[in-house]
Amino acid sequence: MKSRIVLFAFCLALLSSCGNKGNDTGKVPEYAVQELQKSTANLTTAYPATIKGKQDVEIRPQVSGFITKLCVDEGATVRKGQVLFIVDPTQYEAAVRTAKAAVATAEAAVSTQQMTSDYDLAMAENSLAQTKAQLAQAKAQLTTAQQNLSFTQVKSPSDGVINNIPYRVGALVSPSIATPMTTVSEIDEVYVYFSMTEKELLAMTKSGSTIKEEISKIPTIKLQLIDGSTYAMEGK
């Protein structure tokens, strides 16, 4: 009797299962959906870069001598004509004094010749011309000596920022030194140098237009500083 009850319960469960399958036939499964909306995405590409001034002017002395004074520090902002270094002017001051003495001597000789009587006019005129030539030469030497003296004050040729200074007080410098005394960088406008990949450059060349035209299509550039902040001004 117990076996019959178990078999009957099993048959009922089987029929119930078959009945449920029959009811689900033809139904479409339901899934959660979401409607897509159009939006704008800004795609950016970042490159490591090096910043340089609009113009980097190497500062070299025009005369030889020992540096006696540094008038600026590294990183200082300077103006055109500002004195950066002073080279020992002693020998150049002496050269100016010698040249001035030579000019005075030549002027005296000219005056003497001009006062010579007409005893031998031709000879006097010849001597006068010679002394005038000596005077002109002496004045030229004075001009050179004064110019060399002015060169002992090494000045900035432009506005900008001082870079590193490899020479200090007591260092011997000359116009032929291999390393400049410093470099003045004009930073009112700067250039940012970066390298693109070969694939990117190749894609630009295959676009059908020139590289210059493709570069003109590039949007404005933003500069991210080392601390993660973005520089206020954009570039092209």
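Parameters and conventions
- Residues numbered from 1 in each chain as written.
- Predicted model: local features only at pLDDT ≥ 70, side-chain atom pairs only at ≥ 80, totals over all residues.
- Heavy atoms only, no water.
- Pairing = 2+ DSSP bridges.
- Helix = DSSP H or I, 4+ residues; strand = E, 2+ residues; numbered from the N terminus.
- Phe/Tyr/Trp six-rings, centres within 6.5 Å; stacked < 30°, edge-to-face > 60°.
- Lys NZ or Arg CZ within 6 Å of the ring centre and 35° of its normal.
- Salt bridge = Lys/Arg side-chain N within 4 Å of Asp/Glu carboxyl O.
- Buried < 20%, exposed > 50% of the residue type's maximum accessible area, 1.4 Å probe, protein only.
- Core = buried A, V, L, I, M, F, W, Y, C linked by side-chain atoms within 4.5 Å.
- Contact = heavy atoms within 4.5 Å.
- pLDDT = per-residue confidence, 0-100.

Draft legend 1. Quick look at the sheet that holds strand 5 (residues 153–155). A sheet is described by the order of its strands in space; here four strands give the open sequence 5-4-2-7, paired in antiparallel fashion. Of all the strands in the sheet, the pair left with one neighbour each is strand 5 and strand 7 (172–173). By the bridge criterion, three bridges tie strand 4 (residues 83–87) to strand 5 in an arrangement that is antiparallel. Among the inter-strand pairings, phenylalanine 85 is bridged to a residue of strand 5, identified as valine 154.

Draft legend 2. Structural view of the packing of aromatic side chains. Per the counting criterion, the structure on display carries two aromatic pairs. Aromatic side chains tyrosine 191 and tyrosine 193 sit 6.4 Å apart centroid to centroid with 50 degrees between the ring planes, which places their arrangement in the tilted category. For the cation-ring pair, lysine 52 lies above tyrosine 193, with the distance from its terminal atom to the ring centre recorded as 5.9 Å.

Draft legend 3. Examining the pattern of salt bridges more closely. Summed over the entire model, instances satisfying the criterion amount to four salt bridges. Notably, a salt bridge pairs glutamate 58 with arginine 60, separated by 2.9 Å at the nearest N-O pair. Under the relative-accessibility criterion, glutamate 58 is labelled partly exposed at 46%. The partly exposed category is assigned to arginine 60, whose relative accessible area is 30%. For glutamate 74, the salt bridge is made with arginine 168, and the minimal N-O distance between the two is 3.3 Å.

Draft legend 4. Focus on the nonpolar core. If you look at the biggest cluster of nonpolar residues, it comprises 17 residues, and the most contacted ones within it are Ile67, Leu84, Phe85, Ile162, Tyr167, Val173 and Met181. Of all the elements in the fold, those that place two or more residues in this core are strand 1 (49–59) and strand 4. When residues of this core are assigned to their parent elements, the largest contribution, three residues, is made by strand 4. Those residues in contact with methionine 181 that sit more than four places away from it in its chain are Ile59, Arg60, Pro61, Ile67, Phe85, Val154, Asn164, Ile165, Pro166, Tyr167 and Val173. One finds Val96, Leu128, Ala138 and Ala145 within the second-largest nonpolar core, a separate group that totals ten residues.

Draft legend 5. Geometry of the confidence of the model for the protein. Averaged over all residues, the pLDDT of the protein is 84; the fraction at 70 or higher stands at 86%. Confidence, read as mean pLDDT per element, is least for helix 1 (residues 2–24) in the protein (51) and greatest for strand 4 (96).

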